[in-house]
Amino acid sequence: MLIALYSDFCLDSSTIDNCVAECAGAYALGRSLDVNGTMIVRYVGRADDNVRACLKAHASEGRFRYFAFTYSTGANPAYEKECNLYHSFERTLDDPHHPIEPFAWSKCPNCNR
Ligand SMILES: [Zn+2]
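Residues numbered from 1 in each chain as written. Predicted model: local features only at pLDDT ≥ 70, side-chain atom pairs only at ≥ 80, totals over all residues.

**A look at the environment of Ile16**
Turning to step 1, where the next piece is worked out: Here Ile16 is to be found in helix 1 (residues 13-19).
Turning to step 2, where the next piece is worked out: Here Ile16 falls in the buried class, since 21 other C-beta atoms lie within 10 Å of it.
Turning to step 3, where the next piece is worked out: When the C-alpha positions of Ile16 and Val51 are compared, they lie 9.6 Å apart, and in sequence the two are 35 residues distant.
Turning to step 4, where the next piece is worked out: If sequence neighbours within four positions are ignored, Ile16 has contacts with Arg52, Leu55, Lys56 and Ala59. (Helix = DSSP H or I, 4+ residues; strand = E, 2+ residues; numbered from the N terminus. Buried ≥ 20, exposed ≤ 12 C-beta atoms within 10 Å, placed from the backbone. Contact = placed C-beta atoms within 7 Å.)

**Side note on the sheet that holds strand 4 (residues 66-71)**
Turning to step 1, where the next piece is worked out: Pairing is antiparallel in the open sheet, where four strands are placed in the order 1-4-2-3. Single-partner strands in this sheet number two, and they are strand 1 (6-10) and strand 3 (39-47). On average, adjacent strands in this sheet sit at an angle of 25° to one another, irrespective of strand direction. (Pairing = 2+ DSSP bridges. Axes fitted to C-alpha atoms, helices over the stretch in contact; angles between N-to-C directions.)

**Considering the pairing of strand 3**
Turning to step 1, where the next piece is worked out: Looking at chain direction, strand 2 (residues 25-33) and strand 3 are connected through seven bridges and run antiparallel. Each bridged residue has a counterpart across the sheet, and for Gly25 the counterpart in strand 3 is Ala47.

**Looking at helix 3 (residues 75-89)**
Turning to step 1, where the next piece is worked out: Look at helix 3: 21 Å from first C-alpha to last across 15 residues, which is about the 21 Å you get at 1.5 Å a residue.
Turning to step 2, where the next piece is worked out: Of the residues making up helix 3, those classed as buried are Ala78, Tyr79, Glu80, Lys81, Glu82, Cys83, Asn84, Leu85 and Tyr86.
Turning to step 3, where the next piece is worked out: Lining the buried residues of helix 3 we find strand 2, strand 3 and strand 4. (Expected span 1.5 Å × (residues − 1).)

**Things to note about the nonpolar core**
Turning to step 1, where the next piece is worked out: Of all hydrophobic cores here, the largest spans 26 residues; its most connected members are Tyr27, Ala28, Val51, Leu55, Phe67 and Phe69.
Turning to step 2, where the next piece is worked out: Within the residue set of this core, elements represented by two or more residues are strand 2, strand 3, helix 2 (51-61), strand 4 and helix 3.
Turning to step 3, where the next piece is worked out: Broken down by element, the residue count for this core peaks at five residues, all from helix 3.
Turning to step 4, where the next piece is worked out: Ignoring sequence-local partners within four residues, the contact set of Phe69 consists of Leu5, Tyr6, Val20, Gly25, Ala26, Tyr27, Val51 and Leu55. (Core = buried A, V, L, I, M, F, W, Y, C linked by C-beta atoms within 7 Å.)

Okay, structure coming up:
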């Protein structure tokens, strides 16, 4: 399933401050771009309330160079978007584990996990 993302930004603190608001969301991270200038996704994640803070934590770790993201209206919609990203980019991820649901009643829209 394709998901609309704001992409592909440099993963540094000033870019994140300029481009990302403090609300829930899901994101993808990468270290390189392909021949078309599109980020090769190596990691997907979500923030239940502050995607800006989450991306800044990743930026300070220094493992990734680029990011793409989308907003959501809370933890469960963020999880569903994270799942969509996971199932779209599963083949290129460093860690192939399925996202963990935020609530017992949460369901992945792709595999019903
Ligand atoms: Zn799933």
